[in-house]
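# Geometric and topological summary
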Amino acid sequence: MHLPAPLRARLIAHARAEVPCECVGLLGGHDRPGVGSDVRAMYPLRNAAPDPQRTYIADPGHVLRALKAMRAEGLDLVGIYHSHPRGPAVPSRTDVQLAAYGVPYLIVDVQREDVRAYRLPELTEEPLLS
Ligand SMILES: [Zn+2]
């Protein structure tokens, strides 16, 4: 999947702004079968988890609004991101259990400013190109 450097920087900035909590948001772009997706826009969401320092849950109303905005811009849902304020950029057991969409899950390691993408629940890492 292709994540342009400016968007990667904005993902890290969102993650830093939410410390000590985890951030969450959607990624819109173009899905190109066989080639991977192109990320074009990010949609930061509110972390509505009861324990936002340890997990993330996107507010359902905000998810709907973001999906509508994405569609209005002619983009598809190509990824979901959240952060691990203390790292690492590896899915937790909860991340795997809660994964419900067939798109890559991106994780920002705030400590190391690292971003990685995974297919869940398979846990296969997806290369992130800039
Ligand atoms: Zn996580």
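Residues numbered from 1 in each chain as written. Predicted model: local features only at pLDDT ≥ 70, side-chain atom pairs only at ≥ 80, totals over all residues. Heavy atoms only, no water.

### Some details on the overall build of the protein
Secondary structure summary: the protein contains three helices and six strands in total. In terms of overall dimensions, the protein is globule-like: its C-alpha atoms have a radius of gyration of 13 Å, near the 14 Å expected for 130 residues. In terms of overall dimensions, the protein has a C-alpha envelope of 35 × 30 × 30 Å along the principal axes. Taking all 130 residues of the protein together, 45% fall into the buried category. Intrachain contacts of the protein at a sequence separation of at least 6 include 61% that bridge at least 24 residues. Approximately 7000 Å² of the protein is accessible, and the part contributed by carbon and sulfur atoms is 53%. Mean positive and mean negative side-chain charge positions of the protein (15 and 15 charges, respectively) differ by 3 Å. (Helix = DSSP H or I, 4+ residues; strand = E, 2+ residues; numbered from the N terminus. Rg over C-alpha atoms; globule rule 2.2 N^0.38 Å. Buried < 20%, exposed > 50% of the residue type's maximum accessible area, 1.4 Å probe, protein only. Contact = heavy atoms within 4.5 Å. Areas by Shrake-Rupley, 256 points an atom, 1.4 Å probe, with all protein chains shown as cover. Lys, Arg positive; Asp, Glu negative; His and termini not counted. Charge placed at Lys NZ, Arg CZ, Asp CG, Glu CD.)

### Considering the nonpolar core
Considering soluble globular proteins, one finds that nonpolar side chains tend to be buried as a cluster. Of all hydrophobic cores here, the largest spans 18 residues; its most connected members are L26, Y43, L45 and Y105. Breaking this core down by element, the ones donating at least two residues are β1 (24-32), β2 (36-45), α2 (60-72) and β4 (105-109). Filtering out sequence-adjacent residues up to four positions away, Y105 remains in contact with Y56, I80, A99, A100, R116, A117, Y118 and L120. By size, the runner-up hydrophobic cluster in this structure holds 17 residues, among which are V39, M42, V108 and V110. (Core = buried A, V, L, I, M, F, W, Y, C linked by side-chain atoms within 4.5 Å.)

### Points about the coordination of the zinc ion
Protein coordination of the zinc ion is provided by H82 (NE2), H84 (NE2), D95 (OD) and D95 (OD), with donor distances spanning 2.0 to 2.6 Å. Around the zinc ion, the four donor atoms are arranged such that angles at the metal cover 56 to 156°; this shape is classified as irregular. Of note, the donors binding the zinc ion are all from one chain and are spaced H-x1-H-x10-D. Here the residue H82 occupies a position in strand β3 (residues 76-84), and D95 occupies one in helix α3 (residues 93-98), the gap between them amounting to 13 residues. Given a relative accessible area of 4%, D95 falls into the buried group. (Donors = N, O, S within 2.8 Å, 3.2 Å for Na, K, Ca; no water. Tetrahedral: all angles 85-135°; square planar, octahedral: opposite > 155°, others 65-115°.)

### What to know about the UniProt feature "domain: MPN" (unreviewed entry) in the protein
Within this structure's numbering, the places UniProt gives as "domain: MPN" (unreviewed entry) are residues 1-130. Secondary structure within residues 1-130 divides into 25% helix and 32% strand; the distance between the first and last C-alpha atoms comes to 9 Å. (UniProt positions renumbered as here; feature names shortened; annotations may be inferred.)

### What about the pattern of salt bridges?
Tallied over the entire structure, the rule returns eight salt bridges. Of the charged contacts, one joins R32 and D38 as a salt bridge, the two residues approaching to 3.7 Å between their closest N and O atoms. The buried category is assigned to D38, whose relative accessible area is 10%. For the salt bridge of R112 with D109, the shortest nitrogen-to-oxygen distance reads 2.6 Å. Through salt bridges with shared partners, one network takes in R32, D38 and R40. (Salt bridge = Lys/Arg side-chain N within 4 Å of Asp/Glu carboxyl O.)

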